[in-house]
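Here are the chains, one letter per residue:
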Amino acid sequence: MKFTLNGKPQEVAVPDDMPLLWVLRDALGLTGTKFGCGMGLCGACTVQVDGKAARSCATRGGDVAGKSVTTIEGVAAGDSPVVKAWCELDVAQCGYCQPGQVMAASALLESNANPSDDDIDKALMGNLCRCGTYQRIRGAVKRAVEIRGRK
């Protein structure tokens, strides 16, 4: 299977029906994307496929052939306003859900440069945080908008 991973061409020999989560973690060694529920319900495994948030546990590896996949490693390696805001506002508590939260927030800001509270809540609604950092997450998305505006 050939696809673009974090901006670079990637080829991996895995069964088409292997979940993308396991392609990333097991076949490619990218462990930033987390396993949560395994059913696409919690958001811990969120990545971006062609710029849109996607649950990697519920996405077959074969379904991303020819597409662009971005993981938390790809976002963190760049100059991400979302990552800067997350760090600046000390959003993470236990941190387990945060890669998925950051990926969903990044996808939101790609499609909506100035989201309202309601837009943020809707876009991140499926990403669960056991520690309850939802207010800090919303604040960090707003801060990321401010940081983007300075560029």
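Look up a bit, the structure's there.
Residues numbered from 1 in each chain as written. Predicted model: local features only at pLDDT ≥ 70, side-chain atom pairs only at ≥ 80, totals over all residues. Heavy atoms only, no water.

Draft legend 1. Quick peek at the packing of helix α3 (residues 81–88) against helix α6 (residues 134–150). Orientation of α3 relative to α6, taken along the N-to-C sense of each, is 130°, at an axis distance of 8 Å. The angle between α3 and α6 places the two elements in the oblique class. Judged by the sense of rotation from one axis to the other, the crossing of α3 with α6 is right-handed. For the pair formed by α3 and α6, the contact residues are P81, V82, K84, A85, W86 and E88 on the first element and I137, A140, V141, R143, A144, I147 and R148 on the second. (Axes fitted to C-alpha atoms, helices over the stretch in contact; angles between N-to-C directions. Helix = DSSP H or I, 4+ residues; strand = E, 2+ residues; numbered from the N terminus. Parallel < 35°, antiparallel > 145°, perpendicular 65-115°, else oblique. Left-handed = near helix turned anticlockwise from the far one by under 90°. Contact = heavy atoms within 4.5 Å.)

Draft legend 2. Examining the layout of surface pockets more closely. By volume, the largest pocket is sized at about 210 Å³. Lining the largest pocket are 13 residues, and of these V75, S80, P81, S106 and E110 sit closest to its centre. Those elements giving two or more residues to the lining of the largest pocket turn out to be α2 (72–77), α3 and α4 (98–111). With 3 residues, the single largest contributor to the lining of the largest pocket is α4. Split by residue class, the lining of the largest pocket holds 4 nonpolar, 6 polar and 3 charged. (1 Å grid on protein atoms, 1.4 Å probe; cavity = no way out; pocket = protein on both sides within 12 Å on 5 of 7 lines; lining within 4 Å. Points joined across faces, edges and corners; volume = space filled by probe spheres on them. Nonpolar A, V, L, I, M, F, W, Y, C, P; charged D, E, K, R; others polar.)

Draft legend 3. Fine view of the pairing of strand β1 (residues 2–5). Going residue by residue along β1, you find F3 and L5 tucked away on one face and K2 and T4 left uncovered on the opposite face. Summarising the sheet, β1 and strand β2 (residues 8–11) pair through 4 bridges and their orientation is antiparallel. The residue of β2 that forms the bridge with K2 is E11. Linking β1 back to β2 in an antiparallel pair, the connection comprises 2 residues, with N6 at a positive phi of about 50°. Pairing of β1 with strand β5 (residues 68–70) involves 2 bridges; the strand directions are parallel. What sits directly across from T4, in β5, is S68. (Buried < 20%, exposed > 50% of the residue type's maximum accessible area, 1.4 Å probe, protein only. Pairing = 2+ DSSP bridges.)

Draft legend 4. Molecular detail of the environment of G66. By secondary structure assignment, the location of G66 is in the loop between β4 (52–55) and β5. Residue G66 is classed as exposed on the basis of its relative accessible area of 72%. For the pair formed by G66 and P9, sequence separation is 57 residues and the distance between their alpha carbons is 9.6 Å. Ignoring sequence-local partners within four residues, the contact set of G66 consists of K2 and F3.

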